[in-house]
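Read off the chains here:
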Amino acid sequence: MTVEPRITRFQRSDEADAIRMLLDKLPPSEREGAYAGRLARWQWQYYDNPNNPGGEPLIWVARVADAFGGMVATIPVKVRTPKGSVPGMWGVDFIVSSKMRGMGIGKALLSEWLKTPGIAFVMGWSPVSFKVAKGVGFEVVRGFTTADILLSRIGYAVASVKHKQRSDLNRLARVFWRLNPPARGRSKHGRAGHPVSIETALPDGSGELWQRVSESYGFGVERDQTYLKWRFEAHPTYAYRFVCLGDPRDFKGLAVCRLTDDKPPLGVIADLIVDPVREDLVSTLVDGTVAFLKSHGAYAARMDLPPCLADPILARYKCSLRKDRGMIVCTGDSDLKSDSILKPETWYISRSDADEDY
């Protein structure tokens, strides 16, 4: 007799099963040592999110009899749209027990998720998850870019071999002799004539800066001051730095970046909040951020970009590797589709939206 999966909202008593399932991805020898860090990240990511409806996380779990069969965990956010702010949910941790595949658990989890009003969207899921998501109504938005600005060609090659990304070596060969602009120190004024400084705390007014910049986009996760402080300052395991463009009294741009624990490290540009129409501001902010990451030994600066930022940045940084990146979106609101929610040029996205940076 086949036992149907039972889908319920997450309870705090499900936490241990959820963490263990996530750690199953690691070699057995590494799981115990990784538990405390993964638990801290889980609690920050899902319990502390200021956008949680009713203060509770939006996670659904599946059980078959009494066995934990999987989950879909989402990050509730507010989404800027042409019709105003609406609820949204980034899908992040979607996982089904390897012992229970083929029982329809993945489809049942996603179907339950989609009963919640709001925009559901995902970046960075596996091909299997992608197939299941499309089967329950998600639609594809292609046209975003993951870019690696090369800061050390040799370092990038070594990292590609270490992480078994040998296909990147062929791509590296095609851009090896291209030149990037010289790194500008933070004490100098860039082409826009505004100072660049590096801060360890989120600057006051970052939320107001986002409100101004967001006027250039139709869609994007709202980045008010509360959200930004939670997303970056409160992260339990990543140490972010804030690259500020302009005097604090005349704030023009903000980049949020970090360095991985690799040796040498990879630089990650998690957010890039700047007027996309002002190419001088974009280039000055990116120059300052790249210079900071390079000064700390990063072999590359990686970022996810919407079309309006990808084109000017990669035209300037010619020694870069780019990969196409897509997003899948599900909404039952026909007005949002009429407002081009499925077109990449209407969106602001960044690395901080993707599960790789959680």
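Summarised in this report is the structure supplied together with it. (Residues numbered from 1 in each chain as written. Predicted model: local features only at pLDDT ≥ 70, side-chain atom pairs only at ≥ 80, totals over all residues. Heavy atoms only, no water.)

**Here's the deal with the overall build of the chain**
Point 1. A count of helical and extended segments in the chain gives 11 helices and 13 strands.
Point 2. Taken against the 2.2 N^0.38 rule, which gives 21 Å for 358 residues, the C-alpha radius of gyration of the chain at 21 Å falls within 12% of a compact globule.
Point 3. For the chain, the C-alpha atoms occupy an extent of roughly 70 × 45 × 35 Å along the three principal directions.
Point 4. A buried classification covers 53% of the 358 residues belonging to the chain.
Point 5. Counting contacts in the chain only where the partners sit at least 6 residues apart, residues at least 24 apart contribute 73% of the total.
Point 6. Accessible surface computed for the chain: about 16,300 Å², of which carbon and sulfur atoms make up 51%.
Point 7. Side-chain charges of the chain comprise 50 positive and 42 negative groups, with the mean position of each set lying 6 Å from the other. (Helix = DSSP H or I, 4+ residues; strand = E, 2+ residues; numbered from the N terminus. Rg over C-alpha atoms; globule rule 2.2 N^0.38 Å. Buried < 20%, exposed > 50% of the residue type's maximum accessible area, 1.4 Å probe, protein only. Contact = heavy atoms within 4.5 Å. Areas by Shrake-Rupley, 256 points an atom, 1.4 Å probe, with all protein chains shown as cover. Lys, Arg positive; Asp, Glu negative; His and termini not counted. Charge placed at Lys NZ, Arg CZ, Asp CG, Glu CD.)

**Regarding the pairing of strand 2 (residues 58-64)**
Point 1. For strand 2, a buried count of 7 out of 7 residues is recorded, marking the element as mostly surrounded by other parts of the structure.
Point 2. Burial of strand 2 is two-sided: the residues Leu 58, Trp 60, Ala 62 and Val 64 facing one way and the residues Ile 59, Val 61 and Arg 63 facing the other way are all buried.
Point 3. Sheet analysis places strand 2 next to strand 3 (residues 67-80), joined by 7 bridges and oriented antiparallel. Among the inter-strand pairings, Trp 60 is bridged to a residue of strand 3, identified as Val 72.
Point 4. The loop that links strand 2 with its antiparallel partner strand 3 comprises 2 residues; one of these, Ala 65, has a positive phi angle of about 60°. (Pairing = 2+ DSSP bridges.)

**What about the environment of Thr 200?**
Point 1. The topology assignment puts Thr 200 in the loop between strand 7 (196-199) and helix 7 (206-213).
Point 2. Relative accessible area serves as the criterion here: at 60%, Thr 200 is assigned to the exposed category.
Point 3. When the C-alpha positions of Thr 200 and Asp 148 are compared, they lie 24 Å apart, and in sequence the two are 52 residues distant.
Point 4. If we skip the residues at most four places from it in the chain, Thr 200 touches Tyr 240, Arg 241 and Phe 242.

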